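A look at the structure
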Amino acid sequence: MKILIAVDGSEYTKKAVDYLIEHKSVFGDKPQLSCIHVSLTLPPRAASAVGKEVVQGYYADETKAASDAALKKLAKAGITAKLIAKVGHPGDEIAKAAEKGKFDMVVMGSHGHGTFKNLIMGSVATKVLANCKVPVLLIR
């Protein structure tokens, strides 16, 4: 089974990783796991002021900070995972990567803000569910 797990460095990512480790037998003998982190795009004016090299370094640092703990925990459990780094809106990029990479499932933690907050702020999980044709497993 080919699984894409969304990582953002939060407690909810930790819960999703723990779930995968605890239930790894459900996902087949040798699941192909990829972690995806999506950095929000810096405002164009700020990006042009600091330059391309600084911006790329910022995105790399963001991805490393958000994914290191998950990748280490998976490796300790004997699960090798590839890292995918994207820039853009997380909900859109996760859905695109899931379909383009022909994943069997997306696994992600959900903050569970509730309906009212989602109406005001939006939700990455809601956006993935709305735009993704791949099954999504939300862990709370």
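Placed above this text is the structure.
Structure report, in brief.

1. Structural notes on the nonpolar core
Core analysis: the largest hydrophobic core is formed by 16 residues, its most contacted members being Leu 4, Ile 36, Ile 94, Ala 98, Val 106, Met 108 and Cys 132. Sorting the residues of this core by element identifies strand S1 (2–6), strand S2 (32–39), helix H4 (90–100), strand S4 (105–109) and helix H6 (124–131) as the ones contributing at least two each. Element by element, the count of residues in this core is highest for H4, at 4 residues. Beyond its immediate chain neighbours, meaning those up to four positions away, Met 108 contacts Ala 6, Ala 16, Val 124, Ala 125, Val 128, Val 136, Leu 137, Leu 138 and Ile 139.

2. Some points on the sheet that holds S1
What the 5 strands build is an open sheet, ordered S3-S2-S1-S4-S5; its pairing is parallel. The sheet is open, and its two edges are formed by strand S3 (81–87) and strand S5 (136–139), each paired on a single side. On average, each strand axis in the sheet is tilted by 25° relative to the strand beside it, whichever way the strands run. Across 7 bridges, S2 lies against S3 in parallel orientation. Residue pairing in the sheet places His 37 in a bridge with Ala 85 of S3. Against the sheet, helix H3 (residues 52–76) touches S2 and S3, its axis set at about 150° to S2.

What counts, and at which threshold
Residues numbered from 1 in each chain as written. Predicted model: local features only at pLDDT ≥ 70, side-chain atom pairs only at ≥ 80, totals over all residues. Heavy atoms only, no water. Core = buried A, V, L, I, M, F, W, Y, C linked by side-chain atoms within 4.5 Å. Buried < 20%, exposed > 50% of the residue type's maximum accessible area, 1.4 Å probe, protein only. Helix = DSSP H or I, 4+ residues; strand = E, 2+ residues; numbered from the N terminus. Contact = heavy atoms within 4.5 Å. Pairing = 2+ DSSP bridges. Axes fitted to C-alpha atoms, helices over the stretch in contact; angles between N-to-C directions.

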